[in-house]
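Structure assessment
The chain contents come next:
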Amino acid sequence: MSRDQTRSEPYGGRFTKEAPRDGDAERLRRSQVRRAMIAGTVGTSIEWYDFFLYGTAAALVFPHLFFPGASAYAGALASFATYAVGFAARPVGAAIFGHFGDRIGRKATLISTLLLMGIASTLIGVLPGYATLGFWAPTLLVLLRLIQGIGVGGEWGGSVTLCMEWGNPRRRGFIGSWPQVGVPIGLLLSTGAVSLLTHTMGSSFESWGWRLPFLFSIVLVGVGLWVRLGVLESPLFEREVENDNLDDTPLIETIKREPREIILSALLRMSEQAPFYIFTAFVLAYGTEDLGFSKGFLTNAVMAAAALSLFNVPFFGHLSDKIGRKRMYMMGAAATMLIGVPYFLMLDSKIGALVVVAIVVSLIPHDMQYGPQAALIAESFPTRRRYSGAGLGYQLASVFAGGPAPLLATWLLHKFDSSTPIGIYIAACGVVTLVATALLPEPNRATVAREFEQGAAAPAPEPALAQAPRRAPASIGGR
């Protein structure tokens, strides 16, 4: 029997009696690249829709619904505290799903994260307020927020890993940026839903209309599952399975072998994540309570910024393939340093046009970092530990950057009665990111780059039927 007749199919881990011709194999590869990119983008869009929807509601509705009787300041602080809980849970989700993603595969794990987030968001949509349940209302809200955080914590590492491991090894920046596009899409969908309902429902929005976008999550989850079920497992992960090269405890091995990469991956997100939640969540509360703008005006401005990010994120991901990942990222961090104070000066002018410009422009430095970020972080970890390492490094930033940012901004505003300290805080985040990005180790990243190249160029393996039985992915309980 000839080699062509016995060759196994390289892109799904399925052994066939007769392999596809080279042209068929290339068409299959291209098809799976597109599917992986679409699945990653759709999945992260749905997860971030749910996550951002909570942030919008935390700024506009939850203070009086779940924390009645508190002052405006105390209510906003309590509401943003429940918002921060979801961020604290994200590293937990990254650890749990990262372990399974590196043991049993990316695809099955990603289906689980999508279901978890969708169920939690739908339950928030039917949760009674404090007037009905008393103390249990905010307690259950915190619990569901924790579940949301665990779901989205496990999502990012898998989506980015699956997408990049299917893609062209020389276009990792561009291909890895597509799951990142889920952030502006989710932001656009969530703020768009809230803006539409606040305009059409008036006062009814705060009594019951806010629930509709949460209930709509279950429909989006159905769409996401349909898309993800059509994607095959990552070819690089399949190669690790074939070579019996999986770690028994990938999370522990990652912490032992790549601690520096994990810590620096978290720190380099300071100027991307913390300012982002100030620019998209805190600004809604600040703009309505302190500046006197309407909810609709501010959500429309945030929507415009998110719409621009739809183009910016993949563009800067593509640009990082041309000029270098770290260079592109550090340019974005430097821009963030410069924009913090002018951003609040423009907001405090209370001139509508300047406020819109400030909100729209504020996300451009974020996009300069967010586009190449997936590849920058994922390239720091080998295939057999990529889901665990990239996910954990990415989500650890949520504990000290994203989650506390609206809380800290609210406290700084109350403490100093000025927005300038918030602008200085944003600039300080930029300094941290510049240092962390510069320190990210290059030798390990070069090794991982060669791994991508070898995975793309490696010949298809000899059939397991002619040698030894194909080893299935490790089970949850061990090999």
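Values in this document were obtained by computation on a predicted structure and should not be read as measured data.

Rules used throughout
Residues numbered from 1 in each chain as written. Predicted model: local features only at pLDDT ≥ 70, side-chain atom pairs only at ≥ 80, totals over all residues. Heavy atoms only, no water. Helix = DSSP H or I, 4+ residues; strand = E, 2+ residues; numbered from the N terminus. Buried < 20%, exposed > 50% of the residue type's maximum accessible area, 1.4 Å probe, protein only. Areas by Shrake-Rupley, 256 points an atom, 1.4 Å probe, with all protein chains shown as cover. Patch = residues over 30% accessible without salt bridge, like charges linked within 9 Å, V, L, I, M, F, W, Y side chains within 5 Å. Salt bridge = Lys/Arg side-chain N within 4 Å of Asp/Glu carboxyl O. Contact = heavy atoms within 4.5 Å. Polar contact = N/O pair within 3.5 Å; in protein donor to acceptor, adjacent residues only side chain to side chain. Axes fitted to C-alpha atoms, helices over the stretch in contact; angles between N-to-C directions. Parallel < 35°, antiparallel > 145°, perpendicular 65-115°, else oblique. Nonpolar A, V, L, I, M, F, W, Y, C, P; charged D, E, K, R; others polar. Lys, Arg positive; Asp, Glu negative; His and termini not counted. Charge placed at Lys NZ, Arg CZ, Asp CG, Glu CD. Left-handed = near helix turned anticlockwise from the far one by under 90°.

Some details on the overall build of the chain
Tallying secondary structure elements over the chain gives 23 helices and zero strands in all. For the chain, the residues scored as buried account for 58% of the 479 residues in total. Counting every atom, the chain has about 18100 Å² of accessible surface; 67% of that belongs to carbon and sulfur.

Quick look at unusual backbone geometry
Non-glycine residue Asp-244 carries a positive phi angle of around 55°. Classification of Asp-244 by relative accessible area gives partly exposed; the value is 42%. For Lys-350, which is not a glycine, the phi torsion comes out positive at approximately 60°. Secondary-structure assignment places Lys-350 in the loop between helix H18 (325-348) and helix H19 (352-378).

Thoughts on a nonpolar patch on the surface
A cluster of nonpolar side chains, namely Leu-115, Ile-119, Leu-123, Val-126, Trp-208, Leu-212 and Leu-215, defines an oily patch on the protein surface of about 610 Å² accessible area. Looking at the nonpolar patch, the elements with two or more residues in it are helix H5 (106-125) and helix H11 (211-215). Looking at the element boundaries, Leu-123 is found in helix H5. On the basis of relative accessible area, Leu-123 is assigned to the partly exposed category, the value being 42%.

Observations regarding the environment of Arg-269
Relative to the helices and strands, Arg-269 resides in the loop between helix H15 (259-267) and helix H16 (270-289). What makes Arg-269 buried here is its relative accessible area of 1%. Placed 60 residues apart in sequence, Arg-269 and Tyr-329 show a C-alpha to C-alpha distance of 10.0 Å. Setting aside residues up to four positions removed in sequence, Arg-269 forms contacts with Arg-90, Ala-274, Tyr-329, Tyr-370, Gln-373, Ile-377, Tyr-394, Ala-397 and Thr-433. Among the polar contacts listed, one links the side chain of Arg-269 to the side chain of Gln-373, at a separation of 3.4 Å.

Points about the packing of H18 against helix H22 (residues 420-439)
Put simply, H18 and H22 touch, their axes get as near as 7 Å, and they point 170° apart. Of the possible angle classes, the one that applies to H18 and H22 is roughly antiparallel. In this structure, H18 contributes Lys-326, Tyr-329, Met-330, Ala-333, Ala-334, Thr-336, Met-337, Gly-340, Val-341 and Phe-344 to the contact, and H22 contributes Thr-420, Ile-422, Gly-423, Ile-424, Ile-426, Ala-427, Gly-430, Val-431, Thr-433, Leu-434, Thr-437 and Ala-438. Considered class by class, the residues forming the contact of H18 with H22 number 14 nonpolar, seven polar and one charged.

Here we look at the pattern of salt bridges
Under the counting rule described, the total for this entry stands at 15 salt bridges. The residue Arg-103 makes a salt bridge to Asp-248 at a minimum N-O spacing of 3.8 Å. Within this pair, whereas Arg-103 is found in the loop between helix H4 (72-101) and H5, its partner Asp-248 is found in the loop between helix H13 (235-242) and helix H14 (250-257), the two being separated by 145 residues in sequence. Notably, a salt bridge pairs Glu-165 with Arg-386, separated by 2.7 Å at the nearest N-O pair. Of this pair, Glu-165 sits in helix H7 (residues 136-166) while Arg-386 sits in helix H20 (residues 386-402), and the two are 221 residues apart along the sequence. Its relative accessible area of 0% is what places Arg-386 among the buried residues. Three or more residues joined by partner-sharing salt bridges are found here, namely Asp-102, Arg-106, Glu-165 and Arg-386.

Some details on the environment of Gly-98
By secondary structure assignment, the location of Gly-98 is in helix H4. Along the primary structure Gly-98 and Trp-156 are separated by 58 residues, whereas in three dimensions their C-alpha atoms are 9.8 Å apart. Dropping the residues within four chain positions of it, Gly-98 is found in contact with Gly-93, Tyr-387 and Ser-388.

Notes on a negative patch on the surface
On the surface, Glu-289, Asp-290, Asp-348 and Asp-417 cluster together to form a negatively charged patch. Mapped onto the secondary structure, Glu-289 falls in helix H16.

A short note on the side chain of Asp-247
On the secondary structure map, Asp-247 appears in the loop between H13 and H14. Using a relative accessible area of 12% as the deciding quantity, one classes Asp-247 as buried.

Quick word on the packing of H7 against H20
As a packed pair, H7 and H20 sit with axes 8 Å apart at the nearest point and diverge in direction by 130°. Taken together, H7 and H20 sit at an angle that is classed as oblique. Read as a crossing pair, H7 and H20 show a hand that is right-handed. Residues Val-152, Gly-153, Gly-154, Trp-156, Gly-157, Gly-158, Thr-161 and Glu-165 of H7 form the contact with H20, whose participating residues are Arg-386, Tyr-387, Ala-390, Gly-391, Tyr-394 and Gln-395.

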